[in-house]
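# An overview of the molecular structure
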Amino acid sequence: MSGETAGKTDGTLVGSEGGAGHSAVGGISAGADGQEFMDAKARFHVEHPNLAMLGLYLGAFLGMLSETSMNIALPDLMGTFHVSTGVVQWMVVGYMLVIGIVLPFAGLLMKWFKAKSILIVALCAFFVGALVSGFAPSSAFAVVLVGRMIQGISTGLVLPMMFSVITEIFPLAKIGAAMGTASLVIMFAPAIGPTLAGALIGTLSWRAIFFFFAIIAAVAIVCAFVWGVSPYKQTKPKIDALSCLTSVLGFGGLVLGVSLISVLGFAPPVIVVLAVGVLSIVWYSYRQLHMSNPVIDLRALGIRQFTAGAIIVMMNFGITLASMYLMPQELQKGMGVAVAMTGLVMLPGGVVNAIVSLLAGRLYDSIGPKWLIRVGLLLSMVGLVLLMMAKPSSSMAFIIAAHVILMIGVPMAMSPAQSSALASLPEHLSTDGSTILNTLQQVLGAVVTAIATILLAAGQNSYAGGASEPMAFVTGSRWGFIFALVLAVVAFVVSFAIRGKDGVKSGH
């Protein structure tokens, strides 16, 4: 996720600039006359806006670091708690499941409670969850998982809050730079996450990751207490309980059902959970489309440019999570790479990912989204095909090269797809579009990780030499990479619905 995937949270603003009726997307502000302008004043005046954002920056960095670094620890967790791949995947899926459930309610919560208070509670949740996981007994995997899911509550609240508050406390002339800083904070996390996790596990143990999280969370809490601000007035709108219930049952049921397939297969309880999830999402969607004040206005999906961009963003996010889930395990179990070295192997790709994310945004401004998206997806396909060709005897140079190519392609398509999707929305749908993109990413990410786990196990079991052999694990990973390749192909086909730069703002 980058800065373009979240925007201003709908709500009444505090301060003299609150009633101006301006909307900021991608750093450009449009007034009532539709002309672009740059305003020297922020809607909510803060003496030092960067200090005010520090708690949010640290919280967002921590959330993405946690999301991208845990994959390195999965093999160690399987050994410590004697659990299967299908069970240990919940360290990833459970975390994203909670994020996907909580995230749609972030805007609503800011209409009821002060943003600073929400931020402090969210960071405290991460701190407590990290300690719960870090101190979990070696015989209680459930305790580690509970702590992990508590951390997900924090990330689900902090990510949308960060981009929302930026649009209020920075002058409009500086919002673009502030969004760039936020994007860099987020992309820096996956760049160093695997390497940092590998170093901590190699030097100490998997518990050190959670204690490191707790330290960063403690610093963020102090920053939030000292410099945090609340730029929104609490309007306390009526809460539609049925929408809230169907949102939780729908997104939660879908992810839970797909994840249980890897453990229980298509058993009757799993089918029931899936059915409840799908029906709840249908009911939730119907209700939002027929309410005067929906929790999320899904009419944004009726705009072709937005829907096409959203699908590409989802597919790209799925490719990223599938590869980051499969690669560390394949390296350690299929190729015999030490855990610390695993992080180093993935470092070049992570650094390239962060750099290309920044460059893609600038290129989008000059040439538009169409060709960036298509070239990026083609590079992603090349990287995935190379990863599918890996063997236990493959050199680390080959693996690094394949990963780097993939990490060039994914952000080259991701950032322009996000920007074009949000830029195509009219002002009154910009906030809902941001929420839709964030929610779909997290829910799809959890589903993709679950499917990758299922394919990993199926590929291992299909290997004639036995599921315990290194080649069996490589075969299972190959099945997972084929799935990621399918996602890339789907995104590439959809990319032909993306118009060039001149057509982005047409709103059709």
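Small disclaimer: the values here were computed from a predicted structure and weren't measured.

## Digging into the overall build of the protein chain
Regarding its fold elements, the protein chain presents 16 helices and five strands. When burial is assessed residue by residue, the protein chain has 60% of its 508 residues classed as buried. Restricting to contacts in the protein chain with at least 6 residues of sequence separation, those with at least 24 account for 82%. With the model as given, the accessible surface of the protein chain reaches about 18,900 Å², and the carbon-plus-sulfur share is 71%.

## Some words on empty space enclosed by the protein
Taken as a whole, this structure holds four cavities of 30 Å³ or more when the rule is applied. Of the voids in this model, the second largest cavity is the one considered here, and its volume is about 60 Å³. Forming the walls of the second largest cavity are Pro 190, Pro 194, Met 324, Met 346, Gly 350, Asn 353, His 403 and Met 407. Every element with two or more residues in the lining of the second largest cavity is listed here: α7 (175–203), α12 (339–367) and α14 (396–423). The residue inventory of the lining of the second largest cavity, partitioned by class, reads five nonpolar, three polar and no charged.

## Side note on helix α13 (residues 370–388)
Taking 1.5 Å of rise per residue, the 19 residues of α13 would be expected to cover 27 Å, and the 27 Å separating its terminal C-alpha atoms lies within 8% of that figure. Every buried residue of α13 is accounted for by Leu 372, Ile 373, Arg 374, Gly 376, Leu 377, Ser 380, Met 381, Gly 383, Leu 384, Leu 387 and Met 388.

## Overview of the packing of helix α1 (residues 49–81) against helix α8 (residues 207–227)
Contact pair α1 / α8: the axes reach a minimum separation of 8 Å and the direction vectors enclose 165°. When the axes of α1 and α8 are compared, the pair comes out roughly antiparallel. Crossing geometry of α1 relative to α8 is assigned as left-handed. Contacts between α1 and α8 involve Leu 51, Ala 52, Leu 54, Gly 55, Leu 58, Gly 59, Leu 62, Leu 65, Ser 66, Ser 69, Met 70 and Ala 73 from the first element and Ile 209, Phe 210, Phe 212, Phe 213, Ile 216, Ala 217, Val 219, Ala 220, Cys 223, Ala 224 and Trp 227 from the second. Across the contact of α1 with α8, the residue classes tally to 19 nonpolar, four polar and no charged.

## As for the packing of aromatic side chains
Describing an aromatic ring pair means giving the distance of the ring centres and the angle of the ring planes. Under the counting rule described, the total for this entry stands at eight aromatic pairs. Ring geometry for Phe 135 versus Phe 211: centroids 4.9 Å apart, planes at 55°, classification tilted. Of this pair, Phe 135 sits in the loop between α5 (115–134) and α6 (141–169) while Phe 211 is found in helix α8, placing the two residues 76 residues apart along the sequence. By relative accessible area, which is 60% here, Phe 135 ends up exposed. Residue Phe 211 is classed as partly exposed on the basis of its relative accessible area of 28%. An aromatic cluster of at least three residues, connected via ring pairs, comprises Phe 81, Phe 126, Phe 141, Trp 206, Phe 210 and Phe 213. When the ring centre of Tyr 95 is taken as reference, the NZ or CZ atom of Arg 148 above it lies at 4.1 Å.

## Considering the pattern of salt bridges
Evaluation of the coordinates by the stated rule reveals one salt bridge. The salt bridge involving Arg 287 is made with Asp 240; its shortest N-O contact spans 2.8 Å. Of this pair, Arg 287 sits in helix α10 (residues 268–289) while Asp 240 is found in the loop between β5 (232–233) and α9 (241–264), placing the two residues 47 residues apart along the sequence. On the basis of relative accessible area, Arg 287 is assigned to the partly exposed category, the value being 27%.

## Let's talk about a nonpolar patch on the surface
Taken together, the side chains of Leu 51, Val 222, Phe 225, Val 226 and Trp 227 present a nonpolar region at the surface, about 460 Å² in accessible area. Tracing the sequence through the fold places Phe 225 in helix α8.

## Focus on unusual backbone geometry
Negative phi is the rule for most residues except glycine; trans is the rule for most peptide bonds. The backbone of His 82 sits at a positive phi, close to 55°, despite the residue not being glycine. You can see His 82 is positioned in the loop between α1 and α2 (85–88).

## Observations regarding the environment of Val 295
Note that Val 295 resides in the loop between α10 and α11 (304–334). For the pair Val 295 and Cys 244, spaced 51 residues apart in sequence, the C-alpha to C-alpha distance is 8.3 Å.

## Thoughts on the nonpolar core
The biggest cluster of nonpolar side chains holds 146 residues, and the ones touching the most others in it are Met 53, Met 70, Leu 77, Met 91, Met 162, Phe 213 and Phe 306. If one sorts the elements of this core by residue count, α1 sits on top with 16 residues. Apart from residues lying up to four places away in sequence, Met 70 is in contact with Leu 77, Met 91, Arg 148, Ile 209, Phe 210 and Phe 213. Formed by seven residues, the second largest nonpolar core is a distinct cluster that contains Val 352, Val 404, Met 412 and Ala 423.

## Describing the side chain of Ser 243
With respect to the helices and strands, Ser 243 occurs in helix α9. In this structure the side chain of Ser 243 is engaged in a polar contact, spanning 2.2 Å, whose partner is the side chain of Asp 240. Dropping the residues within four chain positions of it, Ser 243 is found in contact with Tyr 284, Arg 287, Gln 288, Met 291 and Val 295.

## A word on the confidence of the model for the protein chain
Mean pLDDT over the protein chain stands at 79; residues scoring 70 or higher make up 84%. Within the protein chain, the lowest mean pLDDT, 35, falls on strand β2 (residues 23–25), and the highest, 93, falls on α5. Overall, residues 1–39 carries pLDDT values under 50, and its contacts beyond four positions in sequence, including any with other chains, amount to 111 contacts. Note on residues 502–508: pLDDT under 50 across the span, and 14 contacts to partners over four residues away in sequence or across chains.

## A look at α5
End to end, α5 covers 29 Å across 20 residues, agreeing with the expected 28 Å (1.5 Å per residue, within 8%). The complete set of buried residues in α5 reads Ala 115, Ile 118, Leu 119, Ile 120, Ala 122, Leu 123, Ala 125, Phe 126, Gly 129, Ala 130, Ser 133 and Gly 134.

## Let's talk about the environment of Phe 210
Looking at where Phe 210 falls in the secondary structure, it is placed in helix α8. Note: C-alpha distance between Phe 210 and Val 132 (78 residues apart in sequence) is 8.7 Å. The contact partners of Phe 210, leaving out residues within four places of it in the chain, are Met 70, Met 91, Ala 130, Ser 133, Gly 134, Val 144 and Gln 151.

## Let's talk about the environment of Ile 169
In this structure, Ile 169 sits in helix α6. What makes Ile 169 buried here is its relative accessible area of 1%. Taking C-alpha positions, Ile 169 is 8.9 Å from Met 53, a pair spaced 116 residues apart along the chain.

## Structural notes on the packing of α1 against α11
Following both chains from N to C, one finds α1 and α11 inclined at 35°, their axes separated by 9 Å at the closest point. Note that α1 runs across α11; the crossing there is right-handed. Residues Glu 67, Thr 68, Asn 71, Ile 72, Leu 74, Pro 75, Asp 76 and Met 78 of α1 form the contact with α11, whose participating residues are Phe 317, Leu 321, Met 324, Tyr 325, Pro 328, Gln 329, Gln 332 and Lys 333. Here the contact of α1 with α11 is composed, by residue class, of nine nonpolar, four polar and three charged.

Rules used in this analysis
- Residues numbered from 1 in each chain as written.
- Predicted model: local features only at pLDDT ≥ 70, side-chain atom pairs only at ≥ 80, totals over all residues.
- Heavy atoms only, no water.
- Helix = DSSP H or I, 4+ residues; strand = E, 2+ residues; numbered from the N terminus.
- Buried < 20%, exposed > 50% of the residue type's maximum accessible area, 1.4 Å probe, protein only.
- Contact = heavy atoms within 4.5 Å.
- Areas by Shrake-Rupley, 256 points an atom, 1.4 Å probe, with all protein chains shown as cover.
- 1 Å grid on protein atoms, 1.4 Å probe; cavity = no way out; pocket = protein on both sides within 12 Å on 5 of 7 lines; lining within 4 Å.
- Points joined across faces, edges and corners; volume = space filled by probe spheres on them.
- Nonpolar A, V, L, I, M, F, W, Y, C, P; charged D, E, K, R; others polar.
- Expected span 1.5 Å × (residues − 1).
- Axes fitted to C-alpha atoms, helices over the stretch in contact; angles between N-to-C directions.
- Parallel < 35°, antiparallel > 145°, perpendicular 65-115°, else oblique.
- Left-handed = near helix turned anticlockwise from the far one by under 90°.
- Phe/Tyr/Trp six-rings, centres within 6.5 Å; stacked < 30°, edge-to-face > 60°.
- Lys NZ or Arg CZ within 6 Å of the ring centre and 35° of its normal.
- Salt bridge = Lys/Arg side-chain N within 4 Å of Asp/Glu carboxyl O.
- Patch = residues over 30% accessible without salt bridge, like charges linked within 9 Å, V, L, I, M, F, W, Y side chains within 5 Å.
- Core = buried A, V, L, I, M, F, W, Y, C linked by side-chain atoms within 4.5 Å.
- Polar contact = N/O pair within 3.5 Å; in protein donor to acceptor, adjacent residues only side chain to side chain.
- pLDDT = per-residue confidence, 0-100.

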